[in-house]
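# Analysis of the macromolecular model
The lines below spell out each chain.
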Amino acid sequence: MIGSNKKTTMPLADKLVSSFLAFELDIDIQSPVHNIRTDAIKKFEKLGFPHRKLEAWKYTSLNKLLKEDYTLFSKKKNVLDFKNVKDFFLDNTESYKLIFVDGFFDSFLSQTSHEKVDVCIMSAALSKAKYTSIIKKYFNKSIEKGDSLSQLNTAFSKEGAYIHVPKNIILEKPIEIIHFATGNESALMLQPRNLIVLEEGAQAEIIESHQSLTDNPIFTNSVSEIFVSKNAHLDYYKIQNDRLSSSLIDNTYISQERDSNSKIHTFSFGGKLTRNNLNYYQKGSYINSTMKGITIIDDKQLVDHHTLVDHANPNCESHQDYKGIYSGSSTGVFNGKIVVDKIAQKTNAFQKNNNILLNDKSTINSKPQLEIFADDVKCSHGCTIGQLDQDALFYLRARGIPKKEAEALLTYAFANNVLESVNIPALKSKIKKIIANKLGVEIGFDL
Amino acid sequence: MLTIDNLHVSVEGKPILNGINLNVRAGEVHAIMGPNGSGKSTLSSVIAGNEAYEVTKGDIIYKNENIIELAAEERAQKGIFMSFQYPVEIPGITVTNFIKTAINSNLRARNEEKMPANIMLKKIREKAELLEIDSKFLSRSLNEGFSGGEKKRNEIFQMAMLEPSLSILDETDSGLDIDALKIVANGVNKLKNKNNAVILITHYQRLLDHIVPDYVHVLHEGRIVKSGGKELAHELEEKGYDWIK
């Protein structure tokens, strides 16, 4: 690049807004969501990226992240060889697969379905007539209007997972959604948009991950809208184990109807900056909402969990259990907001956030935020911050277990109850392996 | 097997042991008795390698090697075992997984292969039977919610599994009813042979009716003030510790 003029980079927000027109021209402007996109870019233009003066972003600054000169749309489709990426898939497990490479759908690595159930892609759902009624009913219906990142994603919504499970269909195979980045651009921004609808009595298991394959910076701003109808059952697993050159903002909105059950496990081990905005809306009675998470980070990593449970109806439950283990100069944030509406009597809402700081340079900011307007409810929250128990460590070492393994074992034991509710064996052992690797030991925890 | 030579130990600058001398040979059972605060538990912790205690002077020679500088896990790997007075509760790790991890860690330290699962299982079953431990108990979290008796039996179960050369039983009799005491004592006696040695740390003589010592030492203010045969224990039981000071 010698001799070339160094471009002054336009601020990312401006670059995004000014590229919107070209983006719209490129895709079908007859699309039913054209107006939604146009409206969304206006909202984003007004709001801009979130900053630390906002209460919800007090501990997480996007400044550094926004300084990169990202390519907004990857120009070419890269081809991945399965054998080079097979470690990122589940071992020996039959599954549906929705694989995206640099923002493009990869039909070779994917395994979609249109029989009984739709496991396919947003670009098809947004353009084909047979999906119009579903799109009209669900698309962009649950997102937070004041959330600029969700608006931004909506403006550029084009590709991602589209999953529709009809009434009383129980999926026998899990669905793996993987977003790969190959580093074909010096820095790339990705904005996947997922829509997942479980009709009445349907059941599904979904595993989502974002995986960069090089050290080029990747900034992913993802939005998932999930609708869990009456009596439906969803198990969703987010594996966040990306490279330190990648950052992820995950905006997930779950709307549940009566008697439904939805569980989200979030495993955060990798990435430079990871922000999870996990929002549950309970739209009926006897709903069960569960959020569990294990965060193990080091170096300068940051993981920020912002959860919201909107208890808007009586006789519902929510359970939150987040464990965090921090070393290096890493930072953790947990903000758990629970709103119990006046009519939401007999609500049971439980929240736990337990943390271990392995040294004195790591930080955790933990904040419960309970807004309760009903009087007959059970709500509890508990937060602990501590170190590994030195007596327990000596006990293990006195049995011949080396210090490093003993520390890993105690850390694993601390996080173990979150793993117990993982229902896919191959996934459980994969996570155990990642944890062992993350803690620098070779023991398998399941001897 | 073990020679302790003029051992001085401090905790946070405060001297607790002031020149301990002790010689334990293979095949022997030694009892160390003494009133509260005499330094009994400090002595066992120091032999096991607890870093909270500072050795200010003296040596601990085990199998012809000075082990003062060795980490707790290295001592354990060389065959030193301590039964804890207060075993730590560790939720999230089952008794079985814990003992498997410990055994395989010891094997790895000796550059030996992992114990095959079927042999491990057989050994666990055998040793659990010896200590009348129910199999359900083995899949519970380590020491979590265990009664005093269950904790101590679990300690001796681990001893049986690890087959140490030198076992230090720190107040193993405390918190045990007579039935549990008999089970524990019977376990220790069955594990005893001419190649290993046991040090019993105890306040009371009662355990020594069931595990008969070859030597009894009385610890007072961080020193061994009297040594003798098993009859010394009876004498202490009758007269208390006051006559010996």
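Residues numbered from 1 in each chain as written. Chains lettered and ligands numbered in written order. Predicted model: local features only at pLDDT ≥ 70, side-chain atom pairs only at ≥ 80, totals over all residues. Heavy atoms only, no water.

## With respect to the domain arrangement of chain A
Residue and element names in this part refer to chain A. What counts is decided by this rule: Domain segmentation is taken from an automatic or database assignment of domains. Whether two residues are in contact is decided by their heavy atoms: any pair within 4.5 Å suffices. Values labelled buried area give the accessible surface lost by two parts on being combined, using a 1.4 Å probe and summing over both. By salt bridge we mean one thing: a side-chain nitrogen of Lys or Arg within 4 Å of a carboxyl oxygen of Asp or Glu.
Assigned domains of chain A: these are domain 1 (12-283) and domain 2 (388-447). Across the contact, 17 residues belong to domain 1 and 14 residues belong to domain 2. With both chains or domains summed, domain 1 and domain 2 bury close to 1300 Å², and 67% of this area falls on carbon and sulfur atoms. Area buried by domain 1 at its contact with domain 2 is led by Tyr 237, Phe 267 and Phe 269, which between them contribute 38% of it. Seen at the junction of domain 1 and domain 2, the total is one salt bridge.

## Description of the packing of aromatic side chains
All names here are of chain A. Rule in force here: Any pair of Phe, Tyr and Trp rings, taking the six-membered ring for Trp, is counted once the centres come within 6.5 Å. Such a pair is stacked with planes under 30 degrees apart, edge-to-face with planes over 60 apart, and tilted for the rest. Here a helix means four or more residues in a row that DSSP labels H or I, a strand means two or more in a row labelled E, and each is numbered from the N terminus. Here the term buried applies to any residue with accessible area under 20% of the maximum for its type, exposed to any over 50%, and partly exposed to those in between, with areas from a 1.4 Å probe on protein chains only.
Scanning all chains against the criterion turns up 19 aromatic pairs over all chains. A ring pair is formed by Phe 73 and Phe 156, whose centres lie 5.8 Å apart and whose planes are at 45°; its orientation type is tilted. With Phe 73 in the loop between α3 (63-66) and α4 (82-85) and Phe 156 in the loop between α7 (148-155) and β4 (161-165), the pair connects residues that are 83 residues apart, well separated along the chain. Ring geometry for Phe 82 against Phe 89: centres 5.2 Å apart, planes inclined by 55°, an arrangement best described as tilted. When its relative accessible area of 40% is taken as the criterion, Phe 82 is described as partly exposed.

## Examining the confidence of the model for chain B
As a reminder, the rule being used: Here pLDDT means the predictor's own confidence in every residue, given as a number from 0 to 100.
In the predicted model, chain B carries a mean pLDDT of 92, and the fraction of residues at 70 or more is 100%. Complex prediction metrics read pTM 0.88 and ipTM 0.95.

## Quick look at unusual backbone geometry
Residue and element names in this part refer to chain A. Positive phi values are uncommon outside glycine, yet Asn 231 reaches one of about 65°. Within the secondary structure, Asn 231 sits in the loop between β9 (218-228) and β10 (233-240). Overall, the relative accessible area of 43% leaves Asn 231 in the partly exposed class.

## So, a positive patch on the surface
Residues and elements named next belong to chain A. We apply this condition: Without a salt bridge and with relative accessible area above 30%, a residue can belong to a patch; like charges are then joined within 9 Å and nonpolar side chains (Val, Leu, Ile, Met, Phe, Trp, Tyr) within 5 Å. The method behind every accessible area is Shrake-Rupley, applied with a 1.4 Å probe, and residues are considered shielded solely by the protein chains displayed. We count Lys and Arg on the positive side and Asp and Glu on the negative side, and we leave His and both chain ends out. Taken as the charge centre is NZ of Lys, CZ of Arg, CG of Asp or CD of Glu, depending on the residue.
On the surface, Lys 64, Lys 67, Lys 272 and Lys 300 cluster together to form a positively charged patch. Secondary-structure assignment places Lys 67 in the loop between α3 and α4. Looking at Lys 67, the relative accessible area reads 65%, which means it is exposed.

## Some details on the nonpolar core
To keep things clear, this is the line we draw: By nonpolar core is meant a set of buried Ala, Val, Leu, Ile, Met, Phe, Trp, Tyr and Cys residues that side-chain atoms within 4.5 Å join together.
With 93 residues, the main nonpolar core has Phe 267, Ile 294 and Leu 427 of chain A together with Ile 90, Phe 157 and Leu 200 of chain B as its most contacted residues. When residues in this core are grouped by element, the largest group, ten residues, is from helix α9 (residues 403-419) of chain A. The residues contacting Leu 427 of chain A, other than those within four sequence positions of it, are Leu 90, Ile 207, Tyr 237, Ile 239 and Val 422 of chain A. Membership of the second largest hydrophobic core comes to 33 residues, among which are Leu 98, Ala 124, Ile 196 and Val 228 of chain A.

## Some remarks on α7 of chain A
Residue and element names in this part refer to chain A. In terms of burial, α7 is largely enclosed, as eight of its eight residues are buried. What α7 keeps buried is the set Ser 148, Leu 149, Ser 150, Gln 151, Leu 152, Asn 153, Thr 154 and Ala 155. Structurally, α7 contributes buried residues whose contacts are with α1 (12-26), α2 (34-47), β6 (188-190), β7 (193-198), β9 and β11 (246-256).

## Focus: the sheet that holds strand β3 (residues 29-33) of chain B
Residue and element names in this part refer to chain B. Stated formally: Whether two strands pair comes down to DSSP finding at least two bridges between them. Orientation is described by lines fitted to C-alpha atoms, with helices fitted over the stretch in contact, and by angles between N-to-C directions that extend from 0 to 180 degrees.
Taken together, the six strands give an open sheet; going across it, the order is β6-β9-β10-β3-β11-β12, and neighbouring strands pair in mixed fashion. Strand pairing shows two members of the sheet lacking a second neighbour, β6 (80-83) and β12 (223-228), which therefore form its edges. Strand-to-strand, the axes of this sheet are offset by a mean angle of 20°, without reference to chain direction. Both β3 and strand β10 (residues 197-202) contribute to a ladder of five bridges, which runs parallel. From the neighbouring strand, Met 33 faces β10, where its bridge partner is Thr 202. In the packing of helix α6 (residues 148-162) onto the sheet, contacts are made with β6 and β9 (166-170), and the angle to β6 comes to roughly 165°.

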